[in-house]
Amino acid sequence: MLRREAPSVVAVEPLGAYSLLRVERATLECGDPGQFFMLTPPGRTLPRAFSLCLAPPGELAFLVDPVGLGTRALVELQPGDRLPVLGPLGRGFRLDVPRPLLVGGGIGIAPLVYAAERLGRAPAILGFRTPEHAQAASLLQGAEVVIEPTYVTERLSPGRDVLACGPEPMLHAVACLAPSAQLAWEAPMACGYGACFGCAVEIRGRLRRLCVEGPVLTAADVVPAELEAA
Amino acid sequence: MPPLLNASGCLDALAAPDVARSLDAFVTKTVTPLRRDGNAPVRIAEIDCGMLNTIGLANPGLDDFVCDTLPRLLELGVPVWVSVGGFRAGDYAESCARLDDEGVEAIELNVSCPNVESPVEATEEIVAAARAATAKPLFTKLSPQLPDVAAVALAAARAGTDGLSLVNTLRGLALDPRTLAPVLSTATGGVSGPVLRPVALAAVHACYAATGLPIVGMGGVETGRHALDLIAAGASACALGTILFRDPDAPARVRAELARTAFRLGLEDPLAARGLAHREAERPLPSETKIPAKVN
C-alpha cells in the first residue's frame, strides 16, 4: 500500500556542504534503514529519491546535497511549506547481522545514520571529498572520518558485515573487498514504486528495477562484469 | 463520467495494485512477441515542464506475458487493456491472435512510427492485420509527430480500428549541463508531461473532426481541468501518464476535479463536453459560468 502525504516542513538546517531537511512525520512510517522516500520539490515534474537519514520523534529528516534544480528547490523550502512525500519504498538493509560495519561516502552516509540508530552503536567509516562535506559526519557520533585522497576502502577491517552506501566506484570497491556486503545503490528514477522502469540496473545478469529489487543489494547480486569494470 | 485509464508504460499494476484499481481500466506496458530487456541506463531525465524516457519497450515477451503476467493482472479485478507493439504487421497480428481468447477488455496497438516513410500505409497495414486476428476492441495509438495525424487516424479507421489513443510521446533531447553530453543512453527519448498537453489537444481535436471515433486522450494531464479540455477537443476517455510517477493518488483526485470543473460549466456529466471545442453554438457562455479565481 503506497502512502503519500504532504507534511509541513519543520526546518532546513545547513550542515557543511549539505542541508538537513526536516518534515513532520504525519501518518508516514519510517521504514527500514536503506528504504527511501520520493520528495517532490516545488515546481518540478518529477519527485526525487531520498533515503531516511534521521527519525526524530514526530519527524522524518533527509540529507540533501543541493546540486541540481530539484535539490536546490528542496533546501529553499521554508518552515510550514507543504512537501509531498511518498514512502517508505524499496528494500532496505538487513540489520540482523552479527558484526555490522557502516561504510559511507558523501551524501551516501544518510541511510547509515538511521541504520546506526536502529542498530544501537555500530562502528562506521565515512569518507568525504572536502572538510566542508565532512561536517555531516557529526550526525554519526564516533564514526571514523577520512577525506580524499584517503578512501574508506583503505580502512575496511576484515570479518565485518558491511552495510555501505556511497558513490558507485566506492560500492564496486567495497564489493570486491567484502563479497557479502549489503550495498545501497542509486539510479535516476521517476516514480520509486515500479511504474516507470527508469531505474533499471543489471542485477544477476538482467536489467531490473532498482526501486523494486533494491536499492539495497548484496555484492553477489551485482554482475561480475560490472565489478571487473570497476 | 468518462473512463480514466493509465497511459501505457506509466504503471505496473502488479507493483501497485491499489493504483491500478483506482482506474477504470489498466493498460499494460507494450508487449512484443519476443522478450526485450530495454535500453541501457540512463533511461529517464527531467526537463523543463516534463520528462524524457528511453525505456526501450522492456517487456517479458508475448509467451511469458500471456502465461505468467496476464493471469495475475486479470485477478486484480480491473479491466485490462493490453498494449502490443512490434516491428512489422505480422508481430501485431501474432499478439492479437494470441490475446483473442484471453479475458482482456481491449487491445491497444502501439503504432507510433513517426520515422517510417509512409505512415498512412504502414498504419493501415498494421491495423488491418490486427483486425483480421481478433474481435477484441482495437485502439490505435498514434505519435503526435506525424506530419498529418488525422490522415493516419483515417487510415486506421478504414482498416477497422475501434478507437484511437492519442498521443504517444514526442522525440526530445536533454544535455548534461556540466558536460554537454546527452543525458539518456540513446541520446534522444520520448517527451511527456505538461509540455505535451497542447500537442495532445491538437491531435485529439484533429482526429475527432476527421473520424468521430472513440478517443482515449492523453498527454500531460495533471488535473480535472486538463482532462476536460481533452474531452472538449473530442476525447471520450482520458489516460494519466507522467503525473502517476509523482502522484499515485492522481486518479481519484483527477476524477473528482473533472466532475467539479464540468459542473461549474453547467455540465451534469463531463462527457457532455465531448467535442464542444468544435461546436460554438453549444458551448457554455462565459456569462453563465462561474469560474472561481483558482480552478483546480
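Shown above is the structure to which this text applies.
Calculation notes
Residues numbered from 1 in each chain as written. Chains lettered and ligands numbered in written order. Predicted model: local features only at pLDDT ≥ 70, side-chain atom pairs only at ≥ 80, totals over all residues. Heavy atoms only, no water. Pairing = 2+ DSSP bridges. Helix = DSSP H or I, 4+ residues; strand = E, 2+ residues; numbered from the N terminus. Contact = heavy atoms within 4.5 Å. Axes fitted to C-alpha atoms, helices over the stretch in contact; angles between N-to-C directions. Parallel < 35°, antiparallel > 145°, perpendicular 65-115°, else oblique. Left-handed = near helix turned anticlockwise from the far one by under 90°. Phe/Tyr/Trp six-rings, centres within 6.5 Å; stacked < 30°, edge-to-face > 60°. Buried < 20%, exposed > 50% of the residue type's maximum accessible area, 1.4 Å probe, protein only. Salt bridge = Lys/Arg side-chain N within 4 Å of Asp/Glu carboxyl O.

**Thoughts on the sheet that holds strand β1 (residues 4-6) of chain B**
All names here are of chain B.
No. 1: An order of β1-β12-β11-β8-β7-β6-β5-β2 is seen for the eight strands of this open sheet, with the pairing classed as parallel. What marks the edges here is a single partner per strand, and that holds for β1 and β2 (26-27).
No. 2: Pairing of strand β11 (residues 215-217) with strand β12 (residues 237-240) involves two bridges; the strand directions are parallel. Across the sheet, the residue bridging to G217 is C238, located in β12.
No. 3: Across the sheet, helix α5 (residues 149-158) lies against β7 (138-142) and β8 (163-166), angled at about 160° from β7, the strand it touches most.

**A look at the packing of α5 of chain B against helix α6 (residues 197-211) of chain B**
Residues and elements named next belong to chain B.
No. 1: Running from N to C, α5 and α6 point in directions that differ by 45°, and their axes come no closer than 9 Å. As judged from the angle between their axes, α5 and α6 are oblique. Here the hand of the crossing between α5 and α6 comes out right-handed. Contacts between α5 and α6 involve V149, A150, A153 and L154 on the former and, on the latter, A203, A206, C207, A210 and T211.

**Notes on the packing of aromatic side chains**
No. 1: Summed over all chains, the structure comprises three aromatic pairs over all chains.
No. 2: Judged by centre distance (5.5 Å) and plane angle (70°), the rings of F37 of chain A and F62 of chain A are edge-to-face. Separated by 25 residues along the polypeptide, F37 of chain A in strand β4 (residues 36-39) and F62 of chain A in strand β6 (residues 59-64) bring together distant segments of the chain. One exposure class covers both F37 of chain A and F62 of chain A, and it is buried.
No. 3: Ring centres 4.7 Å apart and planes at 40° place the aromatic pair W81 of chain B and F139 of chain B in the tilted group. You can see W81 of chain B sitting in strand β5 (residues 80-84) and its partner F139 of chain B sitting in strand β7, a full 58 residues away along the chain.

**Some details on the pattern of salt bridges**
No. 1: Enumeration over the complete set of coordinates arrives at 25 salt bridges over all chains.
No. 2: The partner of D96 of chain A in a salt bridge is R94 of chain A, and the shortest N-O contact between them spans 3.6 Å.
No. 3: Linked by salt bridges that have partners in common, R4 of chain A together with D247, R253 and E257 of chain B make up one network.

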